[in-house]
Amino acid sequence: MKIIEVKNYKELSRIASDIIVEEINKKPKIVIGFATGKTPKKTYKNLVKAYKNKKVDFSKITALDADEFYPIKKENKKSYYHYLFVNLFNKVNVNKKNIFLLNGNTKDPEKECAGYEKSIKENPVDLQLLGIGENGHIGFNEPGSSRNSKTRVVGLTHIKGTGITMGISTIMKAKKVILLASGKKKAKAIYGLVKGKLTEEVPASFLREHKDFILIIDKKAGSLL
Ligand code: GLP
């Protein structure tokens, strides 16, 4: 695990987008799993800027996500589908044919999950970007998620409802994982990730076992370390 601690959210977003740009330039056909939530918003803004300044070309990348609400329609403004198109995909030259997001509107969730696992097995994720929940969840892998969990439908504890998420084992298969955390609210989860027990109770703690894991945090998120 490599920890990069920076002073604030702006710096965190700059470092994250710089790494992503570098990785795309190194491997134009890269497979990226994109995160959602508030945290990566500025990273995506920076990526759009880098694209406009011709520093990066998204035309050959393959894009995935890590989770989605279920059931939810793509057009729903709360969907992660909507989020990723609005914040990133609509603003850069990613080929729409290469976007494979979890379908929160599927009639057959089992099939959707199995299909996602299969496509990741055939075309592994090179770079998985993640945020973290205050209780240490990654994607929608809430406390209690096993190290061997795969893409599946899950109940969500932090909001009432269900979601579909890549499992912990799915995430661990990514060649490189980058997790972003900003602000005091995330400090406890970051402590658990870095220094706590390796436990299902803090699903993010499993990332410590990943061989190419970069944790980018700001001072407040790292304040309990
Ligand atoms: C949600 C999402 C996660 C995200 C997390 C943190 O639970 N399912 O993918 O990482 O929230 O979100 P935020 O960055 O808004 O704090």
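Residues numbered from 1 in each chain as written. Predicted model: local features only at pLDDT ≥ 70, side-chain atom pairs only at ≥ 80, totals over all residues. Heavy atoms only, no water.

Overview of the layout of surface pockets
Part 1 of the argument: When its volume is computed, the largest pocket comes out at roughly 780 Å³.
Part 2 of the argument: If you trace the largest pocket, you find 28 residues lining it, with Gly37, Lys38, Thr39, Ile132 and Lys186 closest to the centre.
Part 3 of the argument: Its residues assigned to classes, the lining of the largest pocket shows eleven nonpolar, ten polar and seven charged.
Part 4 of the argument: Taken as a whole, the second largest pocket spans an internal volume of roughly 250 Å³.
Part 5 of the argument: Lining the second largest pocket are 14 residues, and of these Arg14, Ser17, Asp18, Asn46 and Lys49 lie nearest its centre.
Part 6 of the argument: Looking at the lining of the second largest pocket, the elements that each hand over two or more residues are helix H1 (9-26) and helix H2 (41-52). (1 Å grid on protein atoms, 1.4 Å probe; cavity = no way out; pocket = protein on both sides within 12 Å on 5 of 7 lines; lining within 4 Å. Points joined across faces, edges and corners; volume = space filled by probe spheres on them. Nonpolar A, V, L, I, M, F, W, Y, C, P; charged D, E, K, R; others polar. Helix = DSSP H or I, 4+ residues; strand = E, 2+ residues; numbered from the N terminus.)

Focus: the packing of aromatic side chains
Part 1 of the argument: Using the criterion set out here, one finds nine aromatic pairs in the structure.
Part 2 of the argument: Each ring, one from Tyr44 and one from Tyr83, has its centre 6.3 Å from the other, and the planes form 70°; the classification is edge-to-face. Residue Tyr44 is located in helix H2, and its partner Tyr83 is located in helix H3 (residues 80-87); the two are separated by 39 residues in the primary sequence. For the pair formed by Tyr44 and Tyr83, the shared burial category is buried. (Phe/Tyr/Trp six-rings, centres within 6.5 Å; stacked < 30°, edge-to-face > 60°. Buried < 20%, exposed > 50% of the residue type's maximum accessible area, 1.4 Å probe, protein only.)

A short note on the pairing of strand E7 (residues 152-156)
Part 1 of the argument: The sheet contact formed by E7 and strand E8 (residues 161-165) spans five bridges and is antiparallel. Directly across from Gly155, in E8, lies its bridge partner Thr162.
Part 2 of the argument: Where E7 hands over to E8, the hairpin turn is made up of four residues, counted between the paired strands. (Pairing = 2+ DSSP bridges.)

A short note on the sheet that holds strand E4 (residues 67-70)
Part 1 of the argument: With antiparallel pairing, the three strands of this open sheet are ordered in space as E4-E8-E7. Of all strands in the sheet, those bounded by a partner on one side alone are E4 and E7. The mean angle between the axes of side-by-side strands here comes to 35°, regardless of whether they run parallel or antiparallel.
Part 2 of the argument: Sitting on the sheet, helix H4 (residues 109-122) is in contact with E4, E7 and E8, with an inclination near 115° to E7. (Axes fitted to C-alpha atoms, helices over the stretch in contact; angles between N-to-C directions. Contact = heavy atoms within 4.5 Å.)

Comments concerning H2
Part 1 of the argument: An ideal rise of 1.5 Å per residue puts 16 Å on twelve residues; H2 measures up with 17 Å between its terminal C-alpha atoms.
Part 2 of the argument: Thr43, Tyr44, Asn46, Leu47, Val48 and Ala50 are the residues of H2 that are buried.
Part 3 of the argument: In this structure, the buried residues of H2 make contact with H1, strand E2 (31-34), H3, strand E6 (127-130) and strand E9 (176-181).
Part 4 of the argument: Lys54 sits one or two positions beyond H2 and adopts a positive phi of about 60°. (Expected span 1.5 Å × (residues − 1).)

Quick look at empty space enclosed by the protein
Left-over empty space is what a probe sized like a water molecule reveals as it rolls over the atoms.
Part 1 of the argument: Across all of its chains, the model carries one cavity of 30 Å³ or more by this definition.
Part 2 of the argument: Lining the largest cavity are Glu68, Ile72, Lys73, Lys74, Ser79, Tyr81, Leu102, Asn103 and Gly104.
Part 3 of the argument: Classifying every residue of the lining of the largest cavity gives three nonpolar, three polar and three charged.

Let's talk about a positive patch on the surface
Part 1 of the argument: Where like charges cluster on the molecular surface, the positive patch consists of Lys38, Lys41, Lys45, Lys52, Lys91 and Lys185.
Part 2 of the argument: In this structure, Lys52 sits in helix H2.
Part 3 of the argument: Looking at Lys52, the relative accessible area reads 60%, which means it is exposed. (Patch = residues over 30% accessible without salt bridge, like charges linked within 9 Å, V, L, I, M, F, W, Y side chains within 5 Å. Areas by Shrake-Rupley, 256 points an atom, 1.4 Å probe, with all protein chains shown as cover. Salt bridge = Lys/Arg side-chain N within 4 Å of Asp/Glu carboxyl O. Lys, Arg positive; Asp, Glu negative; His and termini not counted. Charge placed at Lys NZ, Arg CZ, Asp CG, Glu CD.)

A look at the packing of H1 against H2
Part 1 of the argument: At a minimum axis separation of 8 Å, H1 and H2 run at an interaxial angle of 50°. In this view, H1 runs oblique relative to H2, as classed from their interaxial angle. The element H1 and its partner H2 pack so that their crossing is right-handed. In contact with Tyr9, Lys10, Ser13, Arg14, Ala16, Ser17, Ile20 and Val21 of H1, H2 contributes Lys41, Lys42, Thr43, Asn46, Leu47 and Ala50.
Part 2 of the argument: By residue class, the composition of the contact of H1 with H2 is six nonpolar, four polar and four charged. (Parallel < 35°, antiparallel > 145°, perpendicular 65-115°, else oblique. Left-handed = near helix turned anticlockwise from the far one by under 90°.)

Regarding a nonpolar patch on the surface
Part 1 of the argument: Taken together, Met1, Ile3, Tyr191, Leu224 and Leu225 make up a surface patch of nonpolar side chains, about 420 Å² in accessible area.
Part 2 of the argument: On the secondary structure map, Tyr191 appears in helix H6 (residues 187-194).
Part 3 of the argument: On the basis of relative accessibility, which here comes to 37%, the residue Tyr191 falls in the partly exposed class.

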